Amino acid sequence: MTTSLTRSLSRALARVTGASLGPYQTALLRIGLSFTWLCYLLREWPNRHELYGPDAPWSWRMAHELIGDNHAFTALMWSDSPAWFETVYALAIVFSALLMLGWRTRTMSVLSMLGVLSLQNRSVFIGDGGDNVVHLMALYMVLTRCGQVWSLDARRAARLARESADGDAGGRADRDARDLPGVVLWTVCGLGLVLAQVLGDDSMSWTGEGPLPGLSWPVALWGLWAVQGLWWAVRRHAPGEPRAVLDALTHLTHNAALLVIMAEVCLIYATAGWYKVQGSRWQDGTALFYPMHIDYFSPWPWLSHALAASSLVVLLLSYGTVAVQVAFPFTLLNRRVKNVLLVLMMAEHLGIAVLLGLPFFSLAMIVADAVFLPTSFLRRLEGARRLLPPTRGRREPVGPCPAPRTPAEEEAAGPSDAPAAVPGPGRRTVG
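Scoring rules and cut-offs
Residue indices follow the written sequence of each chain, beginning from 1 at its first position. For this predicted model, a pLDDT threshold of at least 70 governs which residues receive local features, and a threshold of 80 or more governs which side-chain atom pairs are given and counted, while totals over whole chains, interfaces and linings are taken from all residues. Excluded from the side-chain calculations are hydrogens and water; all other atoms, namely the structure's heavy atoms, are used. Labels follow the DSSP assignment, with helices taken as runs of H or I lasting at least four residues and strands as runs of E lasting at least two, numbered in each case from the N terminus. Residue exposure (1.4 Å probe, protein chains only): buried if accessible area is under 20% of the type maximum, exposed if over 50%, otherwise partly exposed. All accessible-area figures derive from a Shrake-Rupley calculation using a 1.4 Å probe, and residue coverage is judged against the displayed protein chains alone. Expected span of a helix, by definition, is 1.5 Å for each gap between consecutive residues, and there is one gap fewer than residues. Each Phe, Tyr or Trp ring (for Trp, its six-membered ring) is paired with any other whose centre lies within 6.5 Å, and the angle between the two planes then decides the class: stacked below 30 degrees, edge-to-face above 60, tilted in between. A contact between two residues is defined here by any heavy atoms of the two lying within 4.5 Å. Nine residue types can take part in a nonpolar core, namely buried Ala, Val, Leu, Ile, Met, Phe, Trp, Tyr and Cys, and a core is a set of them joined through side-chain atoms within 4.5 Å. Every angle, taken between N-to-C directions, lies between 0 and 180 degrees, and every axis is a line fitted to C-alpha atoms, over only the stretch in contact when it is a helix. Here roughly perpendicular refers to angles of 65 to 115 degrees, roughly parallel to angles under 35, roughly antiparallel to angles over 145, and oblique to all remaining angles. Amino acid classes used here: Ala, Val, Leu, Ile, Met, Phe, Trp, Tyr, Cys and Pro are nonpolar; Asp, Glu, Lys and Arg are charged; the rest, including Gly, are polar. Only residues above 30% relative accessible area that lack a salt bridge enter a patch, with like-charged residues linked at up to 9 Å and the nonpolar side chains Val, Leu, Ile, Met, Phe, Trp and Tyr linked at up to 5 Å. The salt bridge definition used is simple: a Lys or Arg side-chain nitrogen within 4 Å of an Asp or Glu carboxyl oxygen. Nitrogen and oxygen atoms within 3.5 Å of one another constitute a polar contact, given that in protein one can donate a hydrogen and the other can accept it, and given that sequence-neighbouring residues count only through two side-chain atoms. For any helix crossing, the convention is left-handed if the near helix is rotated counterclockwise from the far helix by under a right angle, and right-handed if that rotation is clockwise. UniProt positions are given in the numbering used here, feature names are shortened, and annotations may be inferred rather than shown by experiment.

J.: Would you mind showing me how to read the overall build of the protein chain here?
T.: Within the protein chain, the secondary structure is distributed over 19 helices and zero strands. Taking all 431 residues of the protein chain together, 44% fall into the buried category. Roughly 21800 Å² of accessible area belongs to the protein chain as shown, and the carbon and sulfur atoms make up 68% of that amount.

J.: So what exactly am I meant to see when it comes to unusual backbone geometry here?
T.: Only a minority of non-glycine residues have a phi that is not negative, and only a minority of peptide bonds are not trans. A positive phi angle, close to 50°, is found at Arg 104, a residue other than glycine. Looking at where Arg 104 falls in the secondary structure, it is placed in the loop between helix H5 (82-101) and helix H6 (105-120). Phi at Trp 150 takes a positive value of approximately 55°, unusual for a residue other than glycine. Assignment of secondary structure puts Trp 150 in the loop between helix H7 (130-141) and helix H8 (152-165).

J.: Help me out: how do you make sense of helix H2 (residues 23-43) in this one?
T.: Because an α-helix completes one turn every 3.6 residues, residues spaced three or four positions apart along the sequence face the same direction. The terminal C-alpha atoms of H2 lie 30 Å apart, and with 21 residues this matches the ideal 30 Å at 1.5 Å per residue to within 8%. Of all 21 residues making up H2, 15 are buried, and the element is well covered by its neighbours.

J.: Got a minute to help me understand the packing of aromatic side chains in this structure?
T.: What characterises a pair of aromatic rings is the spacing of the ring centres plus the angle enclosed by the ring planes. The final tally for this structure, using the stated rule, is 15 aromatic pairs. Residues Tyr 40 and Phe 360 carry aromatic rings whose centres are separated by 5.6 Å and whose planes lie at 85° to one another, so their mutual orientation is edge-to-face. Here Tyr 40 is found in helix H2, whereas its partner Phe 360 is found in helix H17 (residues 359-369), with 320 residues between them in sequence. Through pairs of rings, three or more aromatic residues link up here, namely Phe 73, Trp 78, Trp 84 and Trp 217.

J.: Sorry, what's going on with the side chain of His 254 here?
T.: Considering the arrangement of structural elements, one finds His 254 in helix H12 (residues 241-277). A residue is classified by how much of its surface remains accessible, and His 254, at 0% relative accessible area, is buried. Among all residues touching His 254, those that are not within four sequence positions of it are Ser 20, Leu 21, Thr 26, Leu 143, Thr 144, Arg 145 and Gln 148.

J.: Any chance you could explain the nonpolar core here in plain terms?
T.: The tendency in soluble globular proteins is for nonpolar side chains to be buried side by side. Core analysis: the largest hydrophobic core is formed by 63 residues, its most contacted members being Leu 41, Met 113, Leu 119, Met 137, Phe 328 and Phe 372. Per-element tally for this core: the top contributor is H2, with eight residues. Ignoring anything within four residues of it in the chain, the contact list for Leu 41 reads Tyr 89, Ala 92, Ile 93 and Leu 119. Grouped together as the second largest cluster of nonpolar side chains are eight residues, Trp 282, Met 292, Val 322 and Val 326 included.

J.: How should I be thinking about the packing of helix H16 (residues 335-355) against H17 in this particular structure?
T.: Packed helix pairs are characterised by how far apart their axes lie and by the angle those axes make with each other. The geometry of H16 relative to H17 is characterised by a closest axis approach of 8 Å and an angle of 170° between their N-to-C directions. Put simply, H16 runs roughly antiparallel to H17. In contact with Leu 342, Met 345, Met 346, His 349, Leu 350, Ile 352 and Ala 353 of H16, H17 contributes Pro 359, Phe 361, Ser 362, Met 365, Ile 366 and Asp 369. Considering only residue class, the contact of H16 with H17 consists of ten nonpolar, two polar and one charged.

J.: Help me understand a nonpolar patch on the surface, please; the structure alone is not making it clear to me.
T.: Together, Val 194, Leu 195, Val 198 and Leu 199 make up a nonpolar patch on the protein surface, roughly 390 Å² of accessible area in all. Position of Val 194 relative to the elements: it lies in helix H10 (residues 180-199). Of the residues examined, Val 194 reaches a relative accessible area of 40% and is grouped as partly exposed.

J.: Hey, could you run me through the pattern of salt bridges in this one?
T.: Side chains that differ in sign of charge can pair as their charged atoms come close. Summed over all chains, the structure comprises four salt bridges. With its nearest N and O atoms 3.0 Å apart, the salt bridge here joins Arg 48 to Glu 86. In this pair, Arg 48 is assigned in helix H3 (residues 48-51) and Glu 86 in helix H5, connecting sequence segments 38 residues apart. Asp 247 is paired through a salt bridge with Arg 243; the nearest N and O atoms lie 3.0 Å apart. On the criterion of helical spacing, the pair formed by Asp 247 and Arg 243 is a turn pair, its members being four residues apart in helix H12.

J.: Teacher, can you tell me more about the side chain of Gln 325 here?
T.: Position of Gln 325 relative to the elements: it lies in helix H15 (residues 311-331). A polar side-chain atom of Gln 325 sits 3.3 Å from a polar atom in the side chain of Glu 348.

J.: Please clarify how the packing of H2 against H5 should be interpreted in this entry.
T.: Across the interface, H2 lies against H5 with an axial gap of 8 Å and an inter-helix angle of 150°. With respect to H5, the element H2 is oriented roughly antiparallel. Here H2 runs over H5; the crossing is left-handed. Here H2 contributes Arg 30, Ile 31, Ser 34, Phe 35, Trp 37, Leu 38, Leu 41 and Leu 42 to the contact with H5, which in turn contributes Tyr 89, Ala 92, Ile 93, Ser 96, Ala 97, Leu 99, Met 100 and Leu 101. A per-class count over the contact of H2 with H5 returns 13 nonpolar, two polar and one charged.

J.: Help me understand the UniProt feature "transmembrane region" (unreviewed entry) in the protein chain, please; the structure alone is not making it clear to me.
T.: Here, the residues flagged by UniProt with the feature "transmembrane region" (unreviewed entry) are residues 83-103, 180-200, 215-234, 255-275, 302-328 and 340-368. The straight-line gap between the two end C-alpha atoms of residues 255-275 is 30 Å; of that span, 100% is helix and 0% is strand. Within residues 340-368, the helical portion is 90% and the strand portion 0%, while the C-alpha atoms at the span's ends are 16 Å from each other.

J.: How should I be thinking about the environment of Met 113 in this particular structure?
T.: Mapped onto the fold, Met 113 is located in helix H6. For Met 113, a relative accessible area of 5% puts it in the buried group. Separated by 28 residues in the primary sequence, Met 113 and Met 141 have C-alpha atoms spaced 8.3 Å apart. What Met 113 contacts, discounting residues up to four positions off in sequence, is Ala 138, Leu 139, Val 142 and Trp 217.

J.: Any chance you could explain the environment of Asp 202 here in plain terms?
T.: Its location among the elements puts Asp 202 in the loop between H10 and helix H11 (217-237). It is 10.0 Å that separates the C-alpha atoms of Asp 202 and Trp 217, two residues lying 15 residues apart in sequence.

Laid out in structure tokens, this is it:
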């Protein structure tokens, strides 16, 4: 019994430290959440001054007092200048777009997170629930290797692998070994942290609170910056055992963050479902009748009123919503039932987007649900994409995802270009 348990633990440890699981799920999460936040910022561009800027009802001084108490991070508190606000808002758009495309995902995940926090913590009373999902997932995304597939980083890794296989890695691989864009980006981020320390407010205090209890924002950000430099140095100069240790720690961190994301989604549905169970309107099956008659939540009044006119439809939708939310965490034990409930929950959020006029909340929740999609289904999606005619002059990589890089190719990468080895078709992954 002891030997069998030891072997099982050894296999489990080798699994979580030997590969970053769920490459397709984390890539979909990266693309979906970045797209959601980017669309929101672009849609609210005409209203940005009233939402987060100098014309906001929640004034800069009021926000500054609140930040002084809760120590939340927001770069908008460093200055009340309109020019500074415009800069932060524009950078948030740029970082979200680059993260969605998967360019330097390690760095962009941090910068995009800072953009999310800077705007959301500036005006804490703006949002519809989807902002909380984006807020949390932006924090978790920093700890994942979300650029393994469906990213510009993955394409660059595949190109290096093809050049090495073709024996044409000569001068071009030499230029990639220097990785000037990565080095410049890392240096600029370091200078930006220095300026933040000089110009920042209480949120950049070494003794303040940060993303974790007992960890201040300067410690967290400087730590991430130093880890990037350490990763690059080890890849270039110590590709043996030090590299293996860093790889194992990175896989472990990624897999732990992925587990937390999945647990967070389950917690959202479990708490929402059990709170509904306690409500009298949900118990008698009339809860959805009332929001369908609120003008603010009725972009299509004729459709909402038509559905609300049928007591049977309202009853089924009310009870069905509670049943699906309460049952979902338990269905993870059965893959087929879980997939059916995933479809139902995504359909539910599509209905919320159309009937209640909450598109960004619904899109954020659908993307969060997608972390449970089966890997086989996502592989088939990628296979369908590869059936499309390739762009002229572009060579498509062979296989469902980039091949693991050799030590020489890993040494050629820069400080922010480090997609993990992707499990092959014969290995099981999340979902």
